[in-house]
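Descriptive analysis of the structure
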Amino acid sequence: MNFNRPNLVEYKNGSFEVIRVGGGFELFIESKRQMTYAYGNYSQFYELYSHTHFAHGHVIASGLGFLLREIMLLENPDVSHIKVLEKSSELIEYHNIHNRGIMEKLEIVNCDANEFIGSCDTFLMDHLEFDSFVDTFIKCLQNIKCSTSWFWPIETCCPNFESYLELRHRAPTLPKLQ
């Protein structure tokens, strides 16, 4: 596999921390693990692949994480603009220091994605502020108008095709799948 990778280093700033764990890194905000990244097995790239598959045009994405999704979106020729909504100013600062080249290609909005109002062609959610991914997703779709939407981890929230169809009834911007 030839994935471009972000520059990840150990870092601490207040309640924000990136630590090395075995063959990878973990991201903590206010002592809560937000993301893991293990070198070598590419599992995090695979978890986010569906985001890039459905993305087109002007993309609004929530949650900056380790920039894995953003790296893949930047390589998608169907994507014309990427706006990332990120609540943690410390995470934005971290990537501005360690991944400036990637960050310069993105429009970053330091805000709570649950409160952001806007429009785009594709909305991609990868943050959780409430008890349910689905509830968070539906709330965001009330404020962000789009023609296509997707969220992580939709695959685990919809264990079968019938549950996906039920969710699509609530969120008609989800892609029509067969």
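Residues numbered from 1 in each chain as written. Predicted model: local features only at pLDDT ≥ 70, side-chain atom pairs only at ≥ 80, totals over all residues. Heavy atoms only, no water.

Summing up its helical and strand segments, the chain has seven helices and eleven strands in all. Radius of gyration (C-alpha) of the chain: 16 Å, near the 16 Å computed for a compact globule of 178 residues. Taken along the three principal axes of its C-alpha coordinates, the chain extends 45 × 35 × 30 Å. Per-residue burial over the chain gives 50% buried out of 178 residues. Contacts in the chain between residues at least 24 apart in sequence constitute 57% of all its contacts with a sequence separation of at least 6. (Helix = DSSP H or I, 4+ residues; strand = E, 2+ residues; numbered from the N terminus. Rg over C-alpha atoms; globule rule 2.2 N^0.38 Å. Buried < 20%, exposed > 50% of the residue type's maximum accessible area, 1.4 Å probe, protein only. Contact = heavy atoms within 4.5 Å.)

Here the focus is a nonpolar patch on the surface. Where nonpolar side chains cluster on the molecular surface, the patch consists of Phe 161, Leu 165 and Leu 177 and spans about 240 Å² of accessible area. Turning to its location among the elements, Phe 161 is positioned in helix H7 (residues 161–170). (Patch = residues over 30% accessible without salt bridge, like charges linked within 9 Å, V, L, I, M, F, W, Y side chains within 5 Å. Areas by Shrake-Rupley, 256 points an atom, 1.4 Å probe, with all protein chains shown as cover. Salt bridge = Lys/Arg side-chain N within 4 Å of Asp/Glu carboxyl O.)

The next thing to look at is the pairing of strand S9 (residues 122–125). Residues of S9 alternate between two faces, with Thr 122 and Leu 124 on one and Phe 123 and Met 125 on the opposite face, all of them buried. Here four bridges tie strand S5 (residues 57–62) to S9, and the two strands are oriented parallel to one another. Across the sheet, residue Val 59 finds its bridge partner in S9, namely Thr 122. Bridge count between S9 and strand S11 (residues 148–151): four bridges; the pairing is parallel. (Pairing = 2+ DSSP bridges.)

Read across the open sheet, the five strands follow the order S7-S6-S5-S9-S11; overall the sheet is parallel. The open sheet terminates on both sides in strands that have one partner only, identified here as strand S7 (107–110) and S11. Strand after strand, the sheet turns through a mean of 15° between neighbouring axes, direction not considered. (Axes fitted to C-alpha atoms, helices over the stretch in contact; angles between N-to-C directions.)

Bringing the sheet that holds strand S3 (residues 24–29) into the picture now. The strand order across the open sheet formed by four strands is S1-S2-S3-S4, and the pairing between neighbours is antiparallel. Edge positions in the open sheet fall to strand S1 (11–13) and strand S4 (32–38), since each of these has one partner strand only. In this sheet, adjacent strand axes meet at a mean angle of 20° when their direction is disregarded. For strand S2 (residues 16–21) and S3, the ladder comprises six bridges, and the chain directions are antiparallel. Along S3, the bridge assignment pairs Arg 20 with Phe 25. Taken strand by strand, helix H3 (residues 89–98) contacts S1, S2 and S3, and its axis lies near 140° from that of S1.

On to the pattern of salt bridges, then. On inspection of all chains with the given rule, the structure shows five salt bridges. A salt bridge links Arg 33 to Glu 26; its shortest N-O distance comes to 3.3 Å. Under the relative-accessibility criterion, Glu 26 is labelled buried at 14%. For Arg 69, the salt bridge identified is with Glu 70, shortest N-O distance 2.8 Å. For Glu 70, a relative accessible area of 1% puts it in the buried group.

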